[in-house]
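Letter by letter, the chains look like this.
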Amino acid sequence: MPGRKSEALAFSLVSGINLAMARLADIWDSIGIMEDQRVERMQTVKKHIEGLLNQMISEEEYLKQRIGNNINTFQKQLEILSMEMSVEPFELEDDLSVLQMEKNLRLRVEVLEKERGERLRELRTLQEQDEELCEELSATPFYLPPGSLPTRAQLQELRLHIHTLGQEKRSRVVVFSGLREDIRGVMAEMGHEPETSLEKEAVCDDTDTFLLTHDNIKALQLLLCQLEMKRKSLTALRDELRGKALCLWARLESPEQEQRAFRDALPRTLSEEITQWQTEVDRLALLQKAKMEEVIDKIRQELVALWDRCMFGPKQREPFNTHFCSSNFTEELLSRHDEELLKVKAFYEKARPLLETVERWNKNWVLFHDFEKKASDPNRFSNRGGALLKEAKERVRVQKLLPKLEEELRSGAAAWEKDHGTVFLVWGERAADRITSQWEELQLQRGKEKTERMTKKGESTPVKAQGKRSQTGASGGVTPSKTRKGPNQTMLRTNSISSSSSSSSTPSSFLSVSIRPTLSSQKTQQKNRTLDVSQRTPCRSSAAKRSTRGSAATRSSPVNCPGR
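Okay, so let's go over this structure. Computed from a predicted structure; not experimentally measured.

This part covers helix α2 (residues 35-85). Helix length check: α2 (51 residues) gives 73 Å between terminal C-alpha atoms against 75 Å at 1.5 Å per residue, within 8%. One or two steps after α2, the chain reaches S86, where phi turns positive at roughly 55°.

The next point concerns a nonpolar patch on the surface. On the surface, L13, I17, I49, L52, L53, M56 and I57 cluster together to form a nonpolar patch covering roughly 580 Å² of accessible area. Contributing elements (two or more residues each) for the nonpolar patch: α1 (2-31) and α2. By residue number, the principal contributor to the nonpolar patch is α2, which donates five residues. Examined against the element boundaries, M56 turns out to sit in helix α2.

So, about helix α3 (residues 98-137). For α3, spanning 40 residues, the distance from its first C-alpha to its last is 57 Å, which sits close to the expected 58 Å at 1.5 Å a residue. Of the residues trailing α3, S138 is marked for its positive phi of about 55°.

Attention now goes to the pattern of salt bridges. Tallied over the full model, the rule gives 27 salt bridges. Between E115 and R119 there is a salt bridge; the shortest N-O distance is 2.9 Å. With a gap of four residues between them, E115 and R119 both fall in helix α3, about one helical turn apart. The burial state of E115 is the same as that of R119; both residues are buried. The partner of E181 in a salt bridge is R184, and the shortest N-O contact between them spans 3.5 Å.

Quick look at the environment of I67 now. Assignment of secondary structure puts I67 in helix α2. For I67, a relative accessible area of 11% translates into the label buried. Separated by 32 residues in sequence, I67 and L99 have C-alpha atoms that sit 6.7 Å apart. Ignoring any residue separated from it by four or fewer positions in sequence, one finds I67 in contact with V98, L99 and E102.

Reading the values: rules and limits
Residues numbered from 1 in each chain as written. Predicted model: local features only at pLDDT ≥ 70, side-chain atom pairs only at ≥ 80, totals over all residues. Heavy atoms only, no water. Helix = DSSP H or I, 4+ residues; strand = E, 2+ residues; numbered from the N terminus. Expected span 1.5 Å × (residues − 1). Patch = residues over 30% accessible without salt bridge, like charges linked within 9 Å, V, L, I, M, F, W, Y side chains within 5 Å. Areas by Shrake-Rupley, 256 points an atom, 1.4 Å probe, with all protein chains shown as cover. Salt bridge = Lys/Arg side-chain N within 4 Å of Asp/Glu carboxyl O. Buried < 20%, exposed > 50% of the residue type's maximum accessible area, 1.4 Å probe, protein only. Contact = heavy atoms within 4.5 Å.

Okay, here's the thing in structure tokens:
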């Protein structure tokens, strides 16, 4: 169809020219123009028509040449853009006219140039963000070759890089905010004002003035650690001064109302509080100096009480006898007493579990000794109200508890000696030796009592019946054997007789368990002694009585020389 239209137009053009020439011929005929003039005029028409056609042809040829040049230019631009933007080269379709080729190439160039401009604008924006974040975080900027156009993949990597830096900044802001609050709190607690530039920047409200670099964060963490150490040292100093003040208050018997008024007036910051406590300690020290003798006597009483709680023997107290018995009441003597008091307190805190075990052992040992005495008392069978049953239950409890306490005490003493490299003494004796000696003296005491009973029994045998009759007649009433008994009373009497006979003549199961070798580290001699003691029932040793009398005597006169 397009070809037919152009042919029809060409035919109509030729027809039009022919008609125009025919019309001109008619006009020339009517005018009477001669042939020579007609030829001349027709040549003029021909010249005009050919000139116009040649002009149009030259213009069209120029257009054709320009389109060809555009095609070459666009193709070169597309090659450059494709390489610069890392895209696939543009390929034209087959059977395209020159004009269509020029159009397609032009449109493709426009698309790529538009995308190139967008990439460059986005690159500038992203690079500004990247530089700002890297400056704040002291990070390395995303590298792109200078003067190059980034690819889509590079732009995506840059976006991810900026996103990561943004998250890192937010996390560091959180860390910085936490550190700033902690630093403010510690400074406020201590009453410390910011001095260095780092401290001022750390407590500043404007976060933009502080660069959130790793080094700055570490510097803040180090600053917080230093401030906490300083606070810890100030707290320790405050506690030390407060302890001194409390001790001096107790020694000088300061009124409770005065102490309470001082505590209520204390400031909130550590620095000011330390100043107040130091002033109070200095004031009390002057009062103490004026009452030096009374103060030292009170320390001696406290020291003796603490020695007793630690169960120190004479040899353990002897090194301090010179100062304890001194009557030259000076600052140096007071300092010596304070040092000894602190040393004994420190020992008591370390050895408290063992000392408590010893106390429990002694308490239950005394209870068992009392049960042994009651077991030999014939009047206990006239007991009413269930007391005998309670006594039997308590005796069983003590019999079960003593072996456990002995094992705990032996193992604890061995662990103490291993950890501290010193022997753990109880009233001057090793804990294991003290237990062994108590069982040994129990054996001797039991044998002595048995001998005495046998002697008395032999002496009283001839007059046994007469004594029984006189006793019955003197009473004038019903004898206990004739008294009516209930089932509970009969059971109590039977249990009492069996427990008394077992404690006096037969080895009890309790003893065979309680004095068996409990530690592999005990000497062979101690094991033999323990096995020998296991055939008899326990009684409180004379050594224990002597140590008890010694400690009681010491407590009764605390300011006397401990070695005398």
